[in-house]
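Now for the letters of each chain:
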Amino acid sequence: EDAVARLRSDAAAPPIVGAPNASGASTLEVGPPPQQEGSGHPTPPFGPPPGTRDQNMTPAAGTAAPAPAPATGDPGEDAYLAGYRLWEAKKYPEAESALRAVVAKYPNHRRASYAQNLLGRSLLDDNQPAKAAEAFYANYQKMPRGERAPDSLYFLGQSLMALKPPKPADACKVYAELLDVYGEKINTALKAKVTKGQADAKCAR
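So, here's what we can say about the structure. Just so we're clear, the structure is a prediction, and the values are computed from it rather than from any experiment.

**Some points on the nonpolar core**
Side chains that are nonpolar tend, in soluble globular proteins, to be buried together. Core analysis: the largest hydrophobic core is formed by 42 residues, its most contacted members being Tyr 80, Leu 99, Leu 153, Tyr 154, Leu 156 and Tyr 182. At the level of secondary structure, the elements contributing two or more residues to this core comprise α2 (75-88), α3 (92-105), α4 (111-125), α5 (129-142), α6 (149-162), α7 (168-182) and α8 (188-200).

**Things to note about the packing of aromatic side chains**
Summed over the entire model, instances satisfying the criterion amount to seven aromatic pairs. With a centroid separation of 5.8 Å and an interplanar angle of 70°, the aromatic rings of Tyr 80 and Tyr 114 are classed as edge-to-face. Of the two residues, Tyr 80 is situated in helix α2 and Tyr 114 in helix α4; the sequence distance between them amounts to 34 residues. The exposure classification of Tyr 80 matches that of Tyr 114, with both residues buried. Look at Tyr 84 and Trp 87: their rings are 5.7 Å apart centre to centre, the planes differ by 45°, and that puts the pair in the tilted class.

**Re the pattern of salt bridges**
Enumeration over the complete set of coordinates arrives at five salt bridges. Here Glu 184 makes a salt bridge to Lys 191, at a shortest N to O gap of 3.1 Å. When its relative accessible area of 71% is taken as the criterion, Glu 184 is described as exposed. What makes Lys 191 partly exposed here is its relative accessible area of 27%. The salt bridge involving Lys 196 is made with Asp 200; its shortest N-O contact spans 2.9 Å. Placement of the pair is Lys 196 and Asp 200 together in helix α8, with a separation of four residues, close to one helical turn.

Conventions used here
Position numbers for residues start from 1 in each chain and track the written sequence from start to end. Only residues with pLDDT of 70 or above have their local features reported here, since the model is predicted, and side-chain atom pairs are shown and tallied only from 80 upward, although totals for entire chains, interfaces and linings are computed over all residues. The side-chain values count all of the structure's non-hydrogen atoms but skip hydrogen atoms and water molecules. Residues belong to one nonpolar core when they are buried, are Ala, Val, Leu, Ile, Met, Phe, Trp, Tyr or Cys, and are joined through side-chain atoms within 4.5 Å. For the exposure calls, accessible area comes from a 1.4 Å probe over protein chains only, and a residue counts as buried if that area is under 20% of its type's maximum, exposed if over 50%, partly exposed in between. We count a stretch as a helix when DSSP gives it H or I for four or more residues in a row; a strand needs E for two or more, and each element gets its number in order from the N terminus. In this analysis, rings of Phe, Tyr and Trp, with Trp reduced to its six-membered ring, are considered paired at centre separations within 6.5 Å, and the interplanar angle assigns stacked below 30 degrees, edge-to-face beyond 60, and tilted for intermediate values. The salt bridge definition used is simple: a Lys or Arg side-chain nitrogen within 4 Å of an Asp or Glu carboxyl oxygen.

Right, here's the structure in full:
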């Protein structure tokens, strides 16, 4: 809660948790996500549902708004896909509203993790990295077992690097947290992105 409050109060360069120390360097204490008793680290499944492409892939530049898709019969799925199509069409404010509504109305749906992550993606694509960081951090903290929790940690690091000025030290801590919590459970594509993110932030290896 303190982390979110700081993000809201300082859109220019917000710390996620903590404040500048005596040397002037910022600190970030992400900490492990809440776990169910006796569960160990979260072990979410990864990848898009069978027969579909990854719903959080970046759309090609100039993508036109797709035609409305037929209803699936699952209101939570339909609501998420509607928000996804708005994001894909680069209608970011509309996508943000739709995705927030999905998380609020269907908090226990498997797409809630997707929607919260895509909300962060929409904010980041809309040049709002501070708000994006808040959305990604919330997804990791509130839904650590969600299918997009690891992705949200990666994009949290990207958001920290997109701030002005960027926060490479904090981004490095986020990337380390991702690898520590999810380790070998993340897929090779995400692992490659994290490796590049660490290189861009000049993280100690």
